[in-house]
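# Structural characterization, general
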Amino acid sequence: MADMELDARGLNCPLPILRAKKSINDLESGQVLHIIATDPGSVKDFEAFCKQTGNELVSSGENNGEFVFDIRKA
Amino acid sequence: MTKRLKAAERRATILAVAKVLFADKGYHGVSVDEIAKRLGVSPAVLYQHFPSKEALYESVLNEISEKRESYVDTILTEPSDFKSVLLGMAQLFVNSISRDPDYLRMELMSALEDAPAAQHFFENRWRSFADYIEVGLKELAAEGRASDVNPKAASLMFQGMIRELLYVKCIQGNERYKGMALNSLLEQMVDLFLAAIGYKQAA
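Owing to the predicted nature of the structure, the values given are computational and were not obtained by experimental measurement.

### Focus: the overall build of chain A
In terms of regular secondary structure, chain A is built from 2 helices and 4 strands. The C-alpha atoms of chain A give 11 Å as radius of gyration, which agrees with the globular expectation for 74 residues (11 Å, within 12%). Dimensions of chain A, computed from the C-alpha atoms along their principal axes, are close to 30 × 25 × 15 Å.

Take a look at the structure:
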């Protein structure tokens, strides 16, 4: 169960990443942000985002052209 | 090395050489013989990988138009205000194109030819700026930190500005702007854009 949800549908890079950065700032360590995006580039972007920030990419997947990510704040 | 890997490498080499020639002379200015000669192979080798010059050109365009910049570093290293992100994105983009202006040449050619690739160039290259400016401007206007300007007109103005900067500095090499460094010009143009939209930094 996510602690916060971010709807980034219809937004192209870098807006989903920028929104995620701001959302994660409002979370406590260990809490999870659930993101929904439609930009195919967001898959690579969120992998890079987690690698560089140290936050954990708990899960990612695609469903009907929508990409979903769960990121746990470090 | 496996045969398949060799074939993939050969294909990549053909695409790289063809890109340089097409970017320089356009589709009609380059023959298959010339590409083969530059590669040091016979035209028959080229036809093993691409059935026609048109197919080769389309492959070059497709490969180039699929290239996207990643702005993750920009987002993570720059402050998150509208100006810092926009300038950071523009700097990354302009410096990337200036290292290989053939990308811009091919984009301009595809625009003239009305190729479907022209739409890919927009989706993969310019849409990041269009979305960022249009969404950002709506939020800024709601906070009273930008004038009530049309977001689409503003984003188009920005795209045109960046494209012209790259054209003048990286392709045309116009003497008139020789004394002005690319990044310095970019910063001044971004400031002009921000003034045009009535941008106010958060208090």
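### Notes on the interface of chain A and chain B
You'll often see interface size given as the accessible area lost when the parts meet. Taken residue by residue, the interface counts 16 residues in chain A and 15 residues in chain B. Elements that contribute at least two residues to the side of chain A that touches chain B include exactly helix 1 (15-25) and helix 2 (42-53) of chain A. Sorting elements by how many residues they give to the side of chain A that touches chain B places helix 2 of chain A first, with 6 residues. In terms of residue class, the side of chain A that touches chain B is made up of 8 nonpolar, 4 polar and 4 charged.

### A few points about the sheet that holds strand 2 (residues 32-37) of chain A
Residue and element names in this part refer to chain A. Strand order in the open sheet formed by 4 strands is 1-2-4-3, and the pairing between neighbours is mixed. One side of each edge strand has no neighbouring strand; the edge strands of this open sheet are strand 1 (4-8) and strand 3 (56-63). Going from strand to strand, the sheet's axes swing by 15 degrees on average, the running direction of each strand aside. Sheet topology note: the strand 3/strand 4 (residues 66-72) ladder contains 7 bridges and is antiparallel. When the bridges of strand 4 are listed, Leu 57 appears paired with Ile 71. Against the sheet, helix 1 contacts strand 1, strand 2 and strand 4, and its axis sits at roughly 160 degrees relative to strand 1. In the packing of helix 2 onto the sheet, the strands contacted are strand 2, strand 3 and strand 4, and the crossing angle to strand 3 comes to about 175 degrees.

### Observations regarding the packing of helix 4 (residues 53-65) of chain B against helix 8 (residues 117-142) of chain B
Residue and element names in this part refer to chain B. One can describe the packing of helix 4 onto helix 8 by two numbers: an axis separation of 9 Å at closest approach and a directional angle of 15 degrees. Overall, the two elements helix 4 and helix 8 adopt an arrangement that is roughly parallel. Once helix 4 is placed against helix 8, the crossing between them reads as left-handed. Where helix 4 abuts helix 8, its residues Leu 61, Asn 62 and Ser 65 lie against Ala 117, His 120, Phe 121 and Asn 124.

### Regarding the environment of Leu137(B)
All names here are of chain B. Along the chain, Leu 137 turns up in helix 8. Leu 137 sits in the buried class, given 25 other C-beta atoms within 10 Å. Linking Leu 137 and Asn 124, residues 13 residues apart in sequence, is a C-alpha distance of 21 Å. In this structure, Leu 137 is in contact with Ala 146, Val 149, Pro 151, Ala 154 and Ile 197, ignoring residues within four places of it in sequence.

### Things to note about unusual backbone geometry
Residues and elements named next belong to chain A. In this structure, the amide linkage connecting Cys 13 to the following residue, Pro 14, adopts the cis form with an omega of 10 degrees. Here Pro 14 shows up in the loop between strand 1 and helix 1. The phi dihedral of Asn 64 falls on the positive side, at around 55 degrees, and the residue is not glycine. On the neighbour-count criterion, Asn 64 (4 C-beta atoms within 10 Å) is exposed.

### Side note on the domain arrangement of chain B
All names here are of chain B. According to the domain assignment, chain B contains domain 1 (3-63) and domain 2 (72-196). Its C-alpha centre places domain 1 at a distance of 31 Å from the equivalent point of domain 2. Counting only elements with at least two residues in the side of domain 1 that touches domain 2, the list comes to helix 1 (3-25) and helix 4. For the side of domain 1 that touches domain 2, the element with the highest residue contribution is helix 1, accounting for 4 residues.

Calculation criteria
The residue numbers shown here count from 1 along each chain, following its written sequence. Chains and ligands are labelled by the order in which they are written, letters from A for the one and numbers from 1 for the other. In keeping with the model being predicted, local features are shown solely for residues with a pLDDT of at least 70 and side-chain atom pairs are shown and tallied solely at 80 or more, while totals for entire chains, interfaces and linings include all residues. Helical segments are the DSSP runs of H or I of at least four residues, strand segments are the runs of E of at least two, and each set is numbered from the N terminus. Computation of the radius of gyration draws on C-alpha atoms alone. For the globule rule, the value is 2.2 Å times the number of residues to the power 0.38. Two residues qualify as being in contact provided that their C-beta atoms, derived from the backbone, are within 7 Å of each other. Here the nonpolar group is Ala, Val, Leu, Ile, Met, Phe, Trp, Tyr, Cys and Pro; Asp, Glu, Lys and Arg are the charged ones; every other residue, Gly included, is treated as polar. Being paired, for any two strands, means DSSP has found at least two bridges between them. Where helices are involved, their axes are fitted lines through C-alpha atoms of the stretch in contact, as for all axes, and angles between N-to-C directions lie from 0 to 180°. Angular relationships are summarised with four words: roughly parallel below 35 degrees, roughly antiparallel beyond 145, roughly perpendicular across 65 to 115, and oblique for the angles in between. Helix crossings are classified by the rotation of the near helix relative to the far one: an anticlockwise turn of less than a right angle makes the crossing left-handed, while a clockwise turn makes it right-handed. In this scheme the burial state of a residue depends on its C-beta neighbours within 10 Å: 20 or more other such atoms mean buried, 12 or fewer mean exposed, and anything in between means partly exposed; the C-beta positions come from the backbone. Segmentation into domains, and thus their bounds, comes from an automatic or database assignment.

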